[in-house]
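Close look at the chain arrangement
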Amino acid sequence: MAHINCIKDGEIIVFANTLLFSKDALFKCLYWYGDKFHTSVSFADVDNYCVKIKPLSTAAINSEDLELYQQKLERDLIDFQLRDVVTKETQNIRDLIIAKAFSNGEFDEDPPGDVSDPVGFNPSL
Amino acid sequence: MIESKANRKFKEAAFYNSQNDGGYFLLPFKFHRLNGEKEILVNEVGDYLILPTGTTATIVNRQISKENNSELYGDLIANFFISEEAIHPLIDVLATRYRTKKHFLNYFTGLHIFVISLRCEHTCFYCQVSRVTENRDQYDMSIQNIDRGIEIMFKSPNPHVTMEFQGGEALLAFDNIKYAVEKSEKIAGEIGKQITFVICTNLALVNEEILYYCKEHKILISTSLDGPQSIHDSNRHKPHASSYALAIKGIKLSREILGEDQVSALMTTTTLSLEHPIEIVDEYYNMGFPGIFLRNISPYGFALRTEKSKYSTDKFIEFYKKALGRILEYNFQGHYFTEDLARIYLTKILTPFNTGFVDMQSPAGLINGVIVFNYDGGVYATDESRMLAEQKDFTFKLGTLNDEYKDLFFGAKAQEIAQVWSNEALAGCSECAFQAYCGADPVHHHATQGDMYGYRPTSAFCQKNMEIIRYLIELMESEPKIKKIFESWISKK
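Residues numbered from 1 in each chain as written. Chains lettered and ligands numbered in written order. Predicted model: local features only at pLDDT ≥ 70, side-chain atom pairs only at ≥ 80, totals over all residues. Heavy atoms only, no water.

A closer look at the packing of helix α5 (residues 143-153) of chain B against helix α6 (residues 174-191) of chain B
Residues and elements named next belong to chain B. Stated precisely, the cut-off is as follows: All axes are obtained by fitting lines to C-alpha atoms, using only the stretch in contact for helices, and the reported angles, taken between N-to-C directions, cover 0 to 180 degrees. Secondary structure is summarised from DSSP: a helix means a run of H or I of at least four residues, a strand means a run of E of at least two, and numbering begins at the N terminus for each. Should an angle fall under 35 degrees it is called roughly parallel, over 145 degrees roughly antiparallel, and 65 to 115 degrees roughly perpendicular, with every other angle called oblique. For any pair of crossing helices, the crossing counts as left-handed if the nearer helix is rotated counterclockwise from the farther one by less than a right angle, and right-handed if it is rotated clockwise. Residue contacts are defined here by distance: any two heavy atoms, one from each residue, within 4.5 Å place the two residues in contact. Charged residues are taken to be Asp, Glu, Lys and Arg, nonpolar residues to be Ala, Val, Leu, Ile, Met, Phe, Trp, Tyr, Cys and Pro, and polar residues to be all remaining types, Gly included.
Closest axis-to-axis distance for the α5/α6 pair is 10 Å, and the angle between their directions is 30°. Considered as vectors, α5 and α6 are oriented roughly parallel to each other. Classified by chirality, the crossing of α6 by α5 is right-handed. Listed contacts from α6 to I143, I146, D147, I150 and M153 of α5 are N176, Y179, A180, K183, S184 and I187. For the contact of α5 with α6, the class distribution of residues is 7 nonpolar, 2 polar and 2 charged.

Structural data, given as structure tokens:
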């Protein structure tokens, strides 16, 4: 069944495929909506998350603004998924950088090559 | 053409280009949409690239290649955003850059604030400290507490400590300052530490005798100047006198005796100030200061008890942009005149270095960079922490001067605060593109949100920093001459 993003009864409903979006990305994205919206995440079915946001009564968001917020939510979900990919793909290298940065030299490696003749102009070789 | 030599280690460009099959590895970076057309990518050490919106997606999805996007590809490789090898061959360079950014952690606490007296002869409505009358001697720091504070200060591993005297009005307890300075000078000489002295004063009580003493002991003066007389006197009330007239007279006398660069001034932005950004900047310029620090009011102490000092972050940002515009006008005319908050951000954005500004560090500057010894012997994590204490909120009280150094600096309270003092590990900050330029402020979040962890979507700290950083970058990108001016602020030329 195809899920269509929509605004229904003053609530923005957006679907996210579980193969394409991580749960971490969803929650990190929704974090930024908590000041103005009630937020919820559930499974629409086995392949799709259903994200719902509804304006808080104190948020002064009118119905015309909802479409813009829907567009923003759709865009933010993609942005946070990209961030999630970068974070997870680079976690090990980041740990390594920080470990090296705060080490006392025990993780340093000798640079490759002959330090006294880095460009290889030594005619005796 | 130079012939290739057999023993030459540098190869032709084609050799390097053929080393990789077109695949690449991501290095840690973050991104943020600046506007509809541009996004900024910032790597782990704060280097940035501004690229068309959607570029991050193409990088992450491996849609760029050396052949088709050679310039972008080269920029990404050269600036540590991607690598052609799983472990970047220059990872030690990147690690050294990271260490340089966190260099402020190397020496631990430098700034030691001694609240030498809580007495004050001013009645400023926004005063961050609960002032008491001039006549109550019990609000001065005792000699025993001064001695103990000095003892703790010299236990800091930092080879260069700063002893800053605050109030109330510090000069009301000038004899105690003299005692503290002379004792500290002696100990510093004996154990080989460098020490800098600062007196924070409204200058109303300053005289030649005090200033000659300051000159003899190389004591710096830090004062308050909120703008022209109408604003300053309205903000900083002194019964039966003009605080402005006394401050100006004091600044002039201090410069005459100590030298121009030994006297600095700070302003606080009130609701009245918000309407006068140009006049405030002009006042600092006309007084011959090399710059101004545009500071919003701290959400502590008396400041929030009155409507007169409450305003939204939006209003401050609007004020900030107008004032910065005026500052840039002076620079366009060829004058060197800085905005110091911008200078802090710009140092982080444009150089490999960080700053010593404790409010904008991660891990936060509290305890790591600054400690406060209150007049009554209480030890607090920051100046703002003791302001909270004046309202009976002792969340950031680390102990008393009678406690051991390790219990104050590494005790249970310090460890509790340490859980939330790194923006790398805070929700909302952990993937923020401006993380490397910003900091963590547990005290601010506790004071404004009742939770030292903080909630970024409603955080005034986050809102202000995000927008000012974004604005500075936008200005630099829009006008090369502004970038040159900003660079001159950092290089101080």
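Some points on the interface of chain B and chain A
Here is the rule we go by: Whenever Lys or Arg places a side-chain nitrogen within 4 Å of a carboxyl oxygen from Asp or Glu, that contact is recorded as a salt bridge. Definition of a polar contact: a pair of N or O atoms within 3.5 Å, with one able to donate and the other able to accept a hydrogen when the atoms are protein atoms, and with sequence-neighbouring residues admitted only if both atoms are side-chain atoms.
Listed as interface residues are 38 residues of chain B and, on the opposing side, 36 residues of chain A. Linking chain B with chain A are 5 salt bridges, by the criterion used here. Residue A:R94 pairs with B:E44 through a salt bridge whose shortest N-O separation is 2.6 Å. The interface formed by chain B and chain A contains 12 residue pairs in polar contact (both at pLDDT 80 or more). Of all the secondary-structure elements, those providing two or more residues to the side of chain B that touches chain A are β2 (29-33), α2 (55-60) and α4 (91-101) of chain B. Residues of the side of chain B that touches chain A, tallied by class, amount to 19 nonpolar, 8 polar and 11 charged.

Remarks on the nonpolar core
So the rule is basically this: Think of a nonpolar core as a cluster: buried Ala, Val, Leu, Ile, Met, Phe, Trp, Tyr and Cys residues, connected wherever their side-chain atoms sit within 4.5 Å. Only protein chains enter the calculation, and the probe is 1.4 Å; a residue is then buried if its accessible area is under 20% of its type maximum, exposed if over 50%, and partly exposed in between. An automatic or database domain assignment provides the domain bounds reported here.
Within the largest apolar cluster, 121 residues are counted, with the highest numbers of intra-cluster contacts made by B:F165, B:I199 and B:I473. Residues lining this core come from more than one domain, with at least three contributed by each of domain 1 (15-100) and domain 2 (103-412) of chain B. Excluding residues within four positions of it along the chain, B:I473 makes contact with B:L34, B:I40, B:I50, B:I349, B:F434 and B:Y437. The next biggest cluster of nonpolar side chains, apart from the first, holds 20 residues, and it includes A:A16, A:A25, A:L26 and A:L77.

Let's talk about the domain arrangement of chain B
All names here are of chain B. Where we set the bar: Simply put, the buried area is the total loss of 1.4 Å probe accessible area from both parts when two parts are fitted together.
Domain boundaries in chain B define domain 1 (15-100) and domain 2 (103-412). Taken over C-alpha atoms, the centre of domain 1 sits 41 Å from the centre of domain 2. At the interface, 5 residues of domain 1 touch 5 residues of domain 2. Carbon and sulfur atoms supply 50% of the area buried between domain 1 and domain 2, which totals about 450 Å² over both sides. Per-residue buried area on domain 1 facing domain 2 is highest for Y48, R97 and T100; these three make up 75% of the total on that side. Seen at the junction of domain 1 and domain 2, the total is 2 residue pairs in polar contact (both at pLDDT 80 or more).

A few points about the side chain of B:N158
All names here are of chain B. Inspection of the secondary structure puts N158 in the loop between α5 and β7 (160-166). Judged by its relative accessible area of 9%, N158 is buried. Looking at N158, its side chain comes within polar contact range of the main-chain oxygen of F108, at 3.0 Å. A polar contact is formed between the side chain of N158 and the backbone nitrogen of H160, at a distance of 2.9 Å. In this structure N158 touches Y107, F108, T109, G110 and K193, once residues within four positions along its chain are discounted.

Some points on the packing of aromatic side chains
Residues and elements named next belong to chain B. Definition in use: Geometry of aromatic contacts follows a simple scheme: Phe, Tyr and Trp rings, the Trp one being its six-membered ring, pair when their centres are within 6.5 Å, and the pair is stacked under 30 degrees between planes, edge-to-face over 60, tilted otherwise. In this analysis the charged atom, NZ for Lys or CZ for Arg, is taken to sit over a ring once it is within 6 Å of the ring centre and within 35 degrees of the ring normal.
Here the structure, examined in full by the defined rule, presents 25 aromatic pairs over all chains. Their ring planes at 40° and their centres at 5.3 Å tell us that Y284 and F289 sit as a pair that is tilted. With respect to burial, Y284 and F289 carry one shared label: buried. Both rings, one in Y405 and one in F410, keep their centres 6.3 Å apart while their planes meet at 70°; by these two values the pair is edge-to-face. Look at Y405 and you get buried, because its relative accessible area is 10%. Grouping aromatic residues by their ring pairs yields a cluster made of F108, Y405, F409 and F410. One residue, K178, lies across the ring of Y213, its end atom 5.6 Å from the ring centre. Across the ring face of F289, the terminal group of R255 is positioned such that the distance to the ring centre comes to 4.5 Å.

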